[in-house]
Protein chains: 2
Amino acid sequence: MIIAVDVMSGDNTPEEIAKGALNAAKDFGINIVLIGDKDAVSRYEDKENGISVVTSTQVVTMEDDPLSAIKEKEDSSLAVGVNLVRMGKADALVSPGNTGALLSAASIRLRRVKGIRRAAIGTVVPLDKPFIMVDAGANIDVLAENLCQFAFMGALYAEKVLGVKKPRVALLSNGTEQTKGLPVTKEAYAVLKDTELNFIGNVESRELPFGCCDVLVCDGFTGNIALKLIEGMGKFMSQTIKSIFKQNIFTKLAYLPCKNSIKKLRKKMDSRQTGGAPLLGVAKPVIKAHGNSDALGIYNAIRLAKTYTESGIIKEFEKKFGRVNGDGTEE
Amino acid sequence: MIIAVDVMSGDNTPEEIAKGALNAAKDFGINIVLIGDKDAVSRYEDKENGISVVTSTQVVTMEDDPLSAIKEKEDSSLAVGVNLVRMGKADALVSPGNTGALLSAASIRLRRVKGIRRAAIGTVVPLDKPFIMVDAGANIDVLAENLCQFAFMGALYAEKVLGVKKPRVALLSNGTEQTKGLPVTKEAYAVLKDTELNFIGNVESRELPFGCCDVLVCDGFTGNIALKLIEGMGKFMSQTIKSIFKQNIFTKLAYLPCKNSIKKLRKKMDSRQTGGAPLLGVAKPVIKAHGNSDALGIYNAIRLAKTYTESGIIKEFEKKFGRVNGDGTEE
C-alpha cells in the first residue's frame, strides 16, 4: 500500500509531518510518498525503506479560496497529492491542508461515489464514548437529502470500520422532539424515521459526552462548532485539572495516586489519537488531518488512511449509492 | 418591586419553584406573585411577607407549539404571568416554561422595544471567564440585521448590567477569517466592523472556554447547541474528576487537599448560579429560567429579574433602537 502525504500544508511543515510519516512507514509496513518543495522532501528519500518523494512548487494556504486555489495552484502539494491518487500512483492521500480546497480538489478530480451528492467529513469525536460526526465541517449549507446521505455513510462507517453493530443514528438538534430543529433537520427527521437505519431521532448537544449515539448527523457549520467546542472544553478540562493539583505541596502530592487515570483521560480526549478524518463519499481514500497536526497526529492519520483503504468501505458506498462508471466518470 | 413567578412550568413544579421564590422574597426584600393551580399555590399565600397568589387553570407544556399554546391556553400560568406584567401588576416575570411560547407571548403581549426586530435570549455562559451569548435559543433562523441587533443588545447588557468596559463583541463562526461562516455571518461581519462596537471579528468555539470575547453573537440554533454542549461538557468534567478520586483509598485521600478548589470550580460552572436569561428586546423584564430549575435556580433567576429590572437596561435599548409609543403600541 502506498500512501501520499502532503508535507507542505498545515501548521507544522515540513519536519513534523515528515517525521510522523517516516514513523508510520516503519511501523505499519507501508510505502510513503512525501510531497513538497524539493528542499523540504528530497533529504527524506529512502527507497529501500519505502520512502519516495514527489516535488511540488506551490502551497495552498488556509486563507486561499478553495476553488481559486485549485485552479491557480496546479502544482501545490495538495493538488499534486490528489493527482497521485487519481493516477493510481498512491492508494490514499493524507493532507493537513485547507479543508475546502482538499474537499473541492478531491470531489472534482477523484469524483464522488455515484449517487452521493456531497462528500462530508466523518470525524470520530474523542470522548469517553466516541461517536462519528458527519459532517464535521465540509458543507456549510445542506439540504435534507444531504443529511440523509450523511446518515447512511456514517452508519456504514460505524458498522464496517468501527465495528459497531446496529449503530444508533441521531440528528443534532436544539431539542429531542421531532418538531425541533432547522427546517432541514425536521425534513431529514421525517425521511430518516422510515428508513432501515437504527434512527433514534434528535439528540441535544448536552448528551454528546455521555454516549447518546454512534452516528451524529448535522450540517458542517453546526458540526464544526460542536467539534471545536468539545476540543476546547477538553483542553479547558485538562488545564483545570492541572491547576487543581498545582496549588501547593499537598495537592502536588495528591497528584501521584491520580496520575495514571489523568494520563489515560488525556490520551482518550487527545484529537491527535484519531489523527484525521476521511472525506466520506469521495471515490478514493482521502484523509483530512488536523491543520495543527504534529508527528503523532500525522502518524495516526496515516494509520487511519490504511484502515480506511483496507476496510473496503468505499465499495460499500458504491453498493449502497450506485457505481462510478468504468472510466471514472459519473453517469 | 413585584416579581411574578410561574410555578406550573418546567420539570420541578410546583414545590421547588415555590421554595426558590419564597427564599428570594425573604433575601431580596421583594414581593412575589406565585401563579399556578389553586391547589398548588394557595397554601403559600402570606401577604404579610409579600407573597400573594394568582390562580391559573392551564399549563403550557414543552411539547406545545408556541403559537397555538398562546391562542388556546389563555389561562395558562405562563400567559397569566405575561398578562400580570402587561397590566402593571408585576414588574417582571420569571418562568421556566416553553421557550418558544414564552418568547411569543412576551413579544406579542408586552411588545418589543421599538426598532428591535426580534427578541433574543441573552445567557451569561457559566465558564471560568463568563461571556454573554445572544441568541441562546430564541430564533432558529435569523437575518444579518437580527445578528447585528443582538450584538448591540449584548454589548449594552455587558456594559450596563455586567459592568464590562468596552465589551469585545464577536460572531461565532467556523473560522476566524472574515470569509468564514454562514451567509448571514459574513453579512453581519461586514456591517459590524464599521459600527462603534468593539467588534473583534469571528471567534471559533474552541476559544470560548478561554475568555476570547465578552459578547458572543449567533443564531439561536447554533447558540443553543453551543450552550448545551458547554453544560454537558461541564457535567462530564465534573463526573470525570469525581471518578478520578473515587478509585481507591489513596485517591480518596488525595481528594482532601483538592476539595475546595473542586467545589469552587463546580459552583462556577453550575448553570443554576445564573438561574436564567432575559428576553432581550422585549419591552418589559421577562426572565426565562432553565426548564430543569430547582429552588436554587429559581432563586437566582429571581435575583437576575431584580437586577435586570433595576438596571434600566430596557430604557437603554429604547434610547438606542427607538421608543415604544406612549400607549404601548409600536409606531
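Just above sits the structure.
Residues numbered from 1 in each chain as written. Chains lettered and ligands numbered in written order. Predicted model: local features only at pLDDT ≥ 70, side-chain atom pairs only at ≥ 80, totals over all residues. Heavy atoms only, no water.

Some remarks on the sheet that holds strand E7 (residues 168-172) of chain B
Residue and element names in this part refer to chain B. Using the following cut-off: Here, any two strands with at least 2 DSSP bridges between them count as paired. Helix numbering and strand numbering both begin at the N terminus, where a helix is a DSSP run of H or I of at least 4 residues and a strand a DSSP run of E of at least 2. For helices, the fitted line uses only the C-alpha atoms of the stretch in contact; every axis is such a line through C-alpha atoms, and the angle between N-to-C directions lies from 0 to 180 degrees.
With respect to topology, 11 strands assemble into an open sheet ordered E3-E2-E1-E4-E11-E10-E5-E6-E9-E7-E8, the strand pairing being mixed. Each having just a single partner strand, strand E3 (51-55) and strand E8 (198-203) make up the two edges of the open sheet. Neighbour-to-neighbour, the strand axes of the sheet open up by a mean angle of 25°, direction not taken into account. Sheet topology places strand E6 (residues 131-134) next to strand E9 (residues 215-217); 3 bridges connect them, and they run parallel. Across the sheet, the residue bridging to Met133 is Leu216, located in E9.

Description of the interface of chain B and chain A
How big an interface is tends to be reported as the loss of accessible area on association of its parts. Spelled out, the test is: Note on contacts: a residue pair qualifies if any of its non-hydrogen atoms lie within 4.5 Å across the two residues. Once two parts are joined, some of their accessible surface, as seen by a 1.4 Å probe, is lost; buried area is that loss totalled over both. Salt bridges are defined by distance alone: a side-chain nitrogen of Lys or Arg within 4 Å of a carboxyl oxygen of Asp or Glu. Counted as a polar contact is a pair of N or O atoms within 3.5 Å, where, for protein atoms, one must be capable of donating a hydrogen and the other of accepting one, and residues adjacent in sequence contribute only when both atoms are in side chains. In this classification, Asp, Glu, Lys and Arg are treated as charged, Ala, Val, Leu, Ile, Met, Phe, Trp, Tyr, Cys and Pro as nonpolar, and every other residue, Gly included, as polar.
Taken together, the contacts link 48 residues of chain B with 48 residues of chain A. Carbon and sulfur atoms make up 76% of the surface buried where chain B meets chain A, a total of about 4,400 Å² over both sides. Counting every contact that joins chain B to chain A gives 4 salt bridges. A salt bridge links A:Lys228 to B:Glu204; the shortest N-O distance between them is 2.3 Å. Joining chain B to chain A, the criterion identifies 12 residue pairs in polar contact (both at pLDDT 80 or more). For the side of chain B that touches chain A, the element with the highest residue contribution is helix H8 (residues 220-245) of chain B, accounting for 20 residues. Here the side of chain B that touches chain A is composed, by residue class, of 26 nonpolar, 14 polar and 8 charged.

Quick look at the relation of the copies chain B and chain A
Formally: Superposing copies: least-squares fit, C-alpha atoms only, residues required to have pLDDT of at least 70 in both.
Least-squares fitting of chain B to chain A yields an RMSD of 0.0 Å, with the superposition described by an axial translation of 0.0 Å and a rotation of 180°. The superposition operator between the copies reduces to a two-fold rotation axis. Taking the C-alpha atom as reference, chain B places B:Ala254 closest to the rotation axis, 2.1 Å from it. A share of 100% of interface residues in chain B that are also interface residues in chain A marks the association as one of identical surfaces.

A closer look at the pattern of salt bridges
Heads up, the condition is: Three labels apply to residues, based on accessible area from a 1.4 Å probe with only protein chains included: buried if under 20% of the type maximum, exposed if over 50%, partly exposed otherwise in between.
Taken as a whole and judged by the stated rule, the model has 33 salt bridges over all chains. A salt bridge links A:Arg117 to A:Glu145; its shortest N-O distance comes to 3.2 Å. Taken as a pair, A:Arg117 in the loop between helix H5 (99-110) and strand E5 (120-125) and A:Glu145 in helix H6 (residues 144-160) lie far apart in primary sequence, 28 residues in all. Overall, the relative accessible area of 52% leaves A:Arg117 in the exposed class. Here B:Glu316 and B:Lys319 are joined by a salt bridge, their closest N and O atoms 3.8 Å apart. Note that B:Glu316 and B:Lys319 are positioned in helix H11 (residues 313-321) at a spacing of 3 residues, about one turn of the helix. Classification of B:Glu316 as buried rests on a relative accessible area of 19%.

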